[in-house]
Amino acid sequence: MWVRASMTYRVSFWMMTVAGFVIGALDFIGIWILFHTIDSMGGFSLREVAFLYGATGIGLAFADMFVGRIERLGQMIRMGDLDTMMVRPVPLLAQVCSNEFALRRLSRILLCTIVTGWASLYVEWTPMRLLVMAGMLTGGAAIFCSIFVMLACIQFLTADGVEFANAFTYGGNTITQYPLAIFPGEVVKALTFVLPLAFVNWYPALFILGRDDPFGMPQWFQFLSLVVGAAMLWLTTFVWRFGVRHYRSTGS
Amino acid sequence: MSLIEVRELGRTFTVRKKAGRLRRTSHDVEAVRDLSFSIDAGEMVGYIGPNGAGKSTTIKMLTGILVPSSGSISVAGLDPSRRRTELARRIGVVFGQRTTLWWDLPLRDSFDLLQKIYRTDPARHRENLDEFLELLDLHDLLDTPVRQLSLGQRMRGDIVAALLHDPEILYLDEPTIGLDVISKGRLREFLRALNERRGTTLLLTTHDLQDIEALCDRVIVIDHGTAVFDVSLAGLHQRGGSRRTLVVDLVDEAPPIAIDGAEVVRVEGPRQWLAFPTEASAAPIVAAVAAAYDVADLSLREPDIEDVIRTIYAGAGRMSP
Ligand SMILES: Nc1ncnc2c1ncn2[C@@H]1O[C@H](COP(=O)(O)OP(=O)(O)OP(=O)(O)O)[C@@H](O)[C@H]1O
Ligand SMILES: [Mg+2]
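Residues numbered from 1 in each chain as written. Chains lettered and ligands numbered in written order. Predicted model: local features only at pLDDT ≥ 70, side-chain atom pairs only at ≥ 80, totals over all residues. Heavy atoms only, no water.

*Asks:* How should the overall build of chain B be read in this particular structure?
*Replies:* For chain B, the helix and strand inventory stands at 10 helices and 13 strands. Structurally, chain B occupies a C-alpha span of about 70 × 55 × 50 Å along its principal axes. In chain B, the proportion of contacts linking residues at least 24 apart, taken out of those at least 6 apart, comes to 68%. Total accessible area computed for chain B in this model is approximately 15100 Å², and 48% of it derives from carbon and sulfur atoms. For chain B, the separation between the mean place of its 40 positive charges and that of its 47 negative charges on side chains is 10 Å. (Helix = DSSP H or I, 4+ residues; strand = E, 2+ residues; numbered from the N terminus. Contact = heavy atoms within 4.5 Å. Areas by Shrake-Rupley, 256 points an atom, 1.4 Å probe, with all protein chains shown as cover. Lys, Arg positive; Asp, Glu negative; His and termini not counted. Charge placed at Lys NZ, Arg CZ, Asp CG, Glu CD.)

What follows is the structure in structure tokens.
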């Protein structure tokens, strides 16, 4: 049903897909051009940066596909759609997120897969590294999903929180597109302990690329993506429930 | 225990207002306070009160959409806000102000989708759908997208949608708002039949006293968030002290008409409004007026809900428990 709704606007669907691909590609081409004047970014080569870029992009794109629609929670609240969903016998979060299957997100996934694929050609693969890679992608998507949902919960309390939320998720993604080595240690600590975006790609990528941690964080952090992702999802269920219990509906 | 039990229910909204450039003040609005009532299975209850009385807020708490600030609710033995998803199978909700259908889908697809969402037995779904479509005369509109339906058509669609999963309780928040006389009549007939045949419990809010008179055995009047009266329909008129009005058009302007058993409540040129108790007969009053004055025209007005509520609120509201 959702797929059909999305495909109804066939022309716009393809335009969105192509546009998404081009915009995403430009983003990466920017980094690529940069590497014509510099040899390394914080000690990381182009293919390593590409690996980081692709990994965070895949995580974000999957999260966007699963829960991206939560961005419109505020609108659903204002229009009263949320009231309707709340009297249906299906978990609310599932309804909020699944009103439409966002096929257009596929273009981002495709692009990031190509970039990661190319960067992976240079990686010396071992079974352990493959395992960490799987954990990284799953955990990364989970972390982004959690952040999307938790930040959307602000909208249960106040009407305007979307821009604020977007700044975190997309801004976070922009930061993790680059090797964290170029940022001050405080930023890395914040991205480890506060908003754990460093687990989306940075730590596991250090292991997969066989690099030493420039900040000297414990090595077991590099295996933690999946655990952090699961913990974040767990936390999210509480935040979501808190939000729903503070939902005020509309006056009419 | 009753099907619906509400005990000392309260709900407060904190409203923030801008005061000056940066300062914000907040104050509490008590939408519902100290509200108690219980409803048995199979009852048809009218829930009325002026704008802003707290009717919609109550319904939202009964359905689990809003969490109460105080007090307790039990619907079919469940706490609605904690067991919302579970309760959803057992209740149907119609919001007169908006649709629960999918704007872009034809009615048929909306109904199919609901069958999947509620996992209603397909045979049972067909049976219900056929019956409701027949009763509400919706067969010809099945392939029309919801956004193209008129208000009345959409409302009928919404009611079918709320009933396809055989709910025990149906909440209707202003179901007749904006409907024409004939649609209202059909809808009332449908709801009465529903209650008779299936024993569905009905709780409806409305501003149209005729809805109440046609449907409800019992009326709960709410004002400023609390139940002022909880009585049978006849009791409402009595306790509200509601009065009928005789509108008299005199040939010439005259001082207020003085007649036993009726009181002039308004004068506008040659037109005068005489109020008298609902139980009294209009005949002797009409006769007395006609005998004493030159009358050009007469008309009789039944009390309407606004009057009843107004009188109840102005007079008895404060004395109630
Ligand atoms: N989401 C909300 N935020 C703030 N105040 C609210 C909210 N919902 C309701 N209120 C306030 O609570 C009070 C009761 O509102 P409610 O909608 O329950 O009234 P009602 O009886 O349904 O009125 P109406 O007949 O106009 O539909 C009103 O004063 C309203 O302003
Ligand atoms: Mg209302």
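*Asks:* Is there a simple way to think about unusual backbone geometry in this case?
*Replies:* Residue and element names in this part refer to chain B. Backbone geometry at Arg 119 places phi at a positive 50 degrees, although glycine is not the residue there. Here Arg 119 is to be found in the loop between helix 3 (107-118) and helix 4 (122-136). Backbone geometry at Glu 174 places phi at a positive 55 degrees, although glycine is not the residue there. One can find Glu 174 in the loop between strand 6 (169-173) and helix 6 (181-198).

*Asks:* I would appreciate a short explanation of the environment of Leu 62 of chain B in the present structure.
*Replies:* All names here are of chain B. Note that Leu 62 resides in helix 1 (residues 55-62). Classification of Leu 62 by relative accessible area gives buried; the value is 0%. Sequence separation between Leu 62 and Thr 311 is 249 residues; the distance between their C-alpha atoms is 28 Å. Not counting the four nearest positions on each side in its chain, Leu 62 is found in contact with Ile 4, Val 6, Phe 37, Ile 73, Val 75, Pro 80, Leu 87, Tyr 171 and Leu 203. (Buried < 20%, exposed > 50% of the residue type's maximum accessible area, 1.4 Å probe, protein only.)

*Asks:* Is there a simple way to think about the confidence of the model for chain B in this case?
*Replies:* Regions with low pLDDT should not have their predicted coordinates read in detail. Per-residue pLDDT for chain B has a mean of 88; in total, 93% of the residues score no lower than 70. At the level of chain-chain contacts, confidence expressed as ipTM amounts to 0.82, with global pTM at 0.84. (pLDDT = per-residue confidence, 0-100.)

*Asks:* Help me out: how do you make sense of the interface of chain A and chain B in this one?
*Replies:* If you look at the interface, chain A gives 21 residues, while chain B gives 26 residues. In total, about 2300 Å² of surface goes out of reach between chain A and chain B, with carbon and sulfur atoms giving 54% of it. In this structure, the connection of chain A to chain B is made through one salt bridge. Between Arg 98 of chain B and Asp 83 of chain A there is a salt bridge, with its nearest N and O atoms 3.4 Å apart. Counting every contact that joins chain A to chain B gives seven residue pairs in polar contact (both at pLDDT 80 or more). Taken together, the elements giving at least two residues each to the side of chain A that touches chain B come down to helix 1 (2-8), helix 5 (81-86) and helix 13 (225-245) of chain A. The biggest single contributor to the side of chain A that touches chain B is helix 5 of chain A, with three residues. Residue composition of the side of chain A that touches chain B, grouped by class: 11 nonpolar, five polar and five charged. (Buried area = accessible area lost by both parts, 1.4 Å probe. Salt bridge = Lys/Arg side-chain N within 4 Å of Asp/Glu carboxyl O. Polar contact = N/O pair within 3.5 Å; in protein donor to acceptor, adjacent residues only side chain to side chain. Nonpolar A, V, L, I, M, F, W, Y, C, P; charged D, E, K, R; others polar.)

*Asks:* How should the sheet that holds strand 1 (residues 4-18) of chain B be read in this particular structure?
*Replies:* The strands making up a sheet associate through hydrogen bonds between their backbones, and the pairing can be parallel or antiparallel. Residues and elements named next belong to chain B. One open sheet accounts for three strands, arranged 2-1-4; its pairing is antiparallel. Edge positions in the sheet fall to strand 2 (24-39) and strand 4 (70-75), since each of these pairs with one other strand and no more. Neighbour-to-neighbour, the strand axes of this sheet turn through a mean angle of 30 degrees, independent of strand direction. One ladder, built from five bridges, connects strand 1 with strand 4; its direction is antiparallel. Directly across from Gly 10, in strand 4, lies its bridge partner Ser 70. (Pairing = 2+ DSSP bridges. Axes fitted to C-alpha atoms, helices over the stretch in contact; angles between N-to-C directions.)

*Asks:* How should the sheet that holds strand 7 (residues 201-205) of chain B be read in this particular structure?
*Replies:* Residue and element names in this part refer to chain B. One open sheet holds the six strands; their spatial order is 5-6-7-3-8-9, and the pairing between them is mixed. This sheet does not close on itself; its edge strands, each paired only once, are strand 5 (91-95) and strand 9 (226-232). Across the sheet, the mean angle separating the axes of adjacent strands is 15 degrees when strand polarity is ignored. Note: strand 3 (residues 44-48) against strand 8 (residues 218-223), four bridges, orientation parallel. Looking at the pairing, Val 45 lines up with Arg 218 of strand 8. Strands strand 5 and strand 6 of the sheet are contacted by helix 5 (residues 151-163), whose axis makes an angle of about 165 degrees with strand 5. Sitting on the sheet, helix 6 touches strand 3, strand 6 and strand 7, and the angle it makes with strand 6 is about 160 degrees.

*Asks:* Quick question: what am I supposed to make of the pattern of salt bridges here?
*Replies:* It is possible for side chains bearing opposite charge to pair when their charged atoms get close. Residues and elements named next belong to chain B. Taken as a whole and assessed by the stated rule, the structure comprises 21 salt bridges over all chains. Arg 198 is the salt-bridge partner of Asp 166, the closest N and O atoms lying 2.9 Å from each other. Linking Asp 166 in the loop between helix 5 and strand 6 with Arg 198 in helix 6, this pair joins segments that are 32 residues apart in sequence. A relative accessible area of 30% means that Asp 166 is categorised as partly exposed. Using a relative accessible area of 28% as the deciding quantity, one classes Arg 198 as partly exposed.

*Asks:* Just to check I follow, could you spell out the nonpolar core for this structure?
*Replies:* A general tendency of soluble globular proteins is for nonpolar side chains to be buried together. In this structure, Trp 240 of chain A together with Ile 4 and Tyr 171 of chain B are the most contacted members of the largest nonpolar core, which totals 99 residues. Take this core: its biggest share by element is 12 residues, from helix 8 (residues 127-152) of chain A. Trp 240 of chain A has contacts with Ile 70, Leu 73, Leu 92, Leu 93, Val 96, Val 149, Cys 153 and Phe 156 of chain A, leaving out every residue within four places of it along the chain. (Core = buried A, V, L, I, M, F, W, Y, C linked by side-chain atoms within 4.5 Å.)

*Asks:* Where do I start with the site of ligand 1 in this structure?
*Replies:* Close to ligand 1 lie 17 residues, the nearest being Arg 248 of chain A together with Gly 52, Lys 55, Ser 56 and Thr 57 of chain B. One finds residues of chains A and B in close proximity to ligand 1. Here a nitrogen atom of ligand 1 sits 3.3 Å away from a polar atom, N or O, in the main chain of Ser 249 of chain A. Note that an oxygen atom of ligand 1 is positioned 3.2 Å from one of the backbone N or O atoms of Ala 53 of chain B. The element best represented in the shell around ligand 1 is helix 1 of chain B, accounting for three residues. Class assignment of the residues belonging to the shell around ligand 1 gives a composition of five nonpolar, nine polar and three charged. (Near = heavy atom within 4 Å.)

*Asks:* Is there a simple way to think about a nonpolar patch on the surface in this case?
*Replies:* Residues and elements named next belong to chain A. Together, Val 18, Val 22, Leu 26, Ile 29, Trp 32 and Ile 33 give the surface a local cluster of nonpolar side chains, amounting to about 560 Å² of exposed area. Following the sequence through the fold, Ile 29 ends up in helix 2 (residues 10-37). For Ile 29, a relative accessible area of 36% translates into the label partly exposed. (Patch = residues over 30% accessible without salt bridge, like charges linked within 9 Å, V, L, I, M, F, W, Y side chains within 5 Å.)

*Asks:* Looking at this structure, I do not really get the environment of Leu 3 of chain B. What am I missing?
*Replies:* Residues and elements named next belong to chain B. Checked against the element boundaries, Leu 3 lands in the segment before strand 1. For the pair Leu 3 and Asp 40, spaced 37 residues apart in sequence, the C-alpha separation works out to 5.1 Å. Among residues more than four places away in sequence, those in contact with Leu 3 are Ile 39, Asp 40, Ala 41, Ser 74, Val 75, Ala 76, Glu 168, Ile 169 and Thr 201.

*Asks:* Looking at this structure, how should I read the side chain of Lys 55 of chain B?
*Replies:* All names here are of chain B. By the element assignment, Lys 55 lies in helix 1. Within the structure, Lys 55 has its side chain in polar contact with the backbone oxygen of Pro 50 (distance 3.1 Å). Lys 55 has contacts with Tyr 47, Ile 48, Gly 49, Pro 50, Thr 205, His 207 and Ile 222, leaving out every residue within four places of it along the chain.

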